[in-house]
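Here is how the chains run, residue by residue.
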Amino acid sequence: QARRGQFFVIGTEGPSRLWLWGDSHAMAIIPELQKLARQYKCRVTVATHSGAVPLLDYPSPDVCPLGDSMPEWNRLVMDHLLRQDPRPTVLLACRWSYQPKPELGPALEKTLLALQPSERSRDLMLLSEVPVYPFDPRKALLRARLFAQPSDDLGLTRTEYLAQNELIVALAQPLAQQRLKILDPTECFFAGRQRARVELDGLSCYWDDNHLSPQGATLLSPLLDPLVAGAVAR
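Residues numbered from 1 in each chain as written. Predicted model: local features only at pLDDT ≥ 70, side-chain atom pairs only at ≥ 80, totals over all residues. Heavy atoms only, no water.

Asker: So what about the packing of aromatic side chains? Which residues, and what values?
Answerer: Each aromatic ring pair is characterised by the separation of its centres together with the angle its planes make. Counted under the stated rule, the structure contains 5 aromatic pairs. For the pair Y133 and Y206, a centre-to-centre distance of 5.4 Å together with 85 degrees between the ring planes defines the contact as edge-to-face. Highlighted residues: Y133 in the loop between β5 (124-127) and α5 (137-146) and Y206 in the loop between β8 (203-204) and α9 (214-217), separated in sequence by 73 residues. Under the relative-accessibility criterion, Y133 is labelled buried at 4%. Through a chain of ring-to-ring contacts, the aromatic side chains of F7, W19 and W73 assemble into a single cluster. For the cation-ring pair, R158 lies above F190, with the distance from its terminal atom to the ring centre recorded as 5.0 Å. (Phe/Tyr/Trp six-rings, centres within 6.5 Å; stacked < 30°, edge-to-face > 60°. Helix = DSSP H or I, 4+ residues; strand = E, 2+ residues; numbered from the N terminus. Buried < 20%, exposed > 50% of the residue type's maximum accessible area, 1.4 Å probe, protein only. Lys NZ or Arg CZ within 6 Å of the ring centre and 35° of its normal.)

Written out as structure tokens, the structure reads:
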């Protein structure tokens with residue numbers, strides 16, 4: 001499908017001005033992007049594969065079903081991206097902290113240079129990783145409910161969450177001045193809270209220990225809404 005340029009498209013009308021490129025963490029935000037695509041009457045192209053880090057020439061993690069084909073997958077995504085006219089906004093989303101390799105920094109820089117050979121030639125966004133847990137929040141929420149305990153005590157502390165994202169922020173920050181904007185979801189999960197939110201309106205924000213549920217994806221709306229609106233307005 002990638003060789004034929006057959007990527008999943010969200011939305012049924014309007015231009016495709018935004019590409020989402022990433023792994024299953026990128027897939028998890030599709031429900032929220034679907035809502036926004038309907039709202040702004042646009043389409044969003046989705047190039048995602050479970051376990052696939054959206055970077056050129058980056059070694060495949062053990063969990064990626066693509067295996068040795070992951071570099072080819074990413075090259076194909078890049079080739080189709082570069083052929084788009086007008087140039088779409090690109091959002092990179094991934095579980096950046098999972099099995100990181102020394103090639104992460106050079107691969108990130110190479111990918112950004114390929115997407116944007118000159119300053120401000122397109123909008124590039126990198127979504128920092130959402131909170132990841134050493135336990136399943138759904139089960140923890142169930143236990144809390146059974147024993148009448150508050151769910152506010154279950155989430156990561158801000159210090160734990162910032163440590164989780166420390167590597168990708170350190171690598172991306174030097175590139176952010178010219179070629180990249182980092183989307184930081186910290187306040188989407190904390191917003192004055194002591195711990196990250198794991199429940200919203202009685203529903204779990206996760207469907208396992210690291211992937212957002214559709215309910216959890218709504219927390220990212222303050223970041224995704226202006227992104228989609230801005231892409232359509234370009």
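Further notes follow.
Asker: I'd like a rundown of the pattern of salt bridges, residues and numbers included.
Answerer: Side-chain pairs of opposite charge can arise where the charged atoms are in close proximity. Going through the model one piece at a time under the given rule, you end up with 8 salt bridges. Its salt-bridge partner being R193, residue D152 comes within 3.1 Å of it at the nearest N-O pair. In this pair, D152 is assigned in the loop between α5 and α6 (158-164) and R193 in the loop between α8 (186-189) and β7 (199-200), connecting sequence segments 41 residues apart. Under the relative-accessibility criterion, D152 is labelled partly exposed at 44%. Each of the salt bridges in this network shares a partner with another, and the network as a whole consists of D57, R75 and K110. (Salt bridge = Lys/Arg side-chain N within 4 Å of Asp/Glu carboxyl O.)

Treat this as a map of the structure, not an account of what it does.
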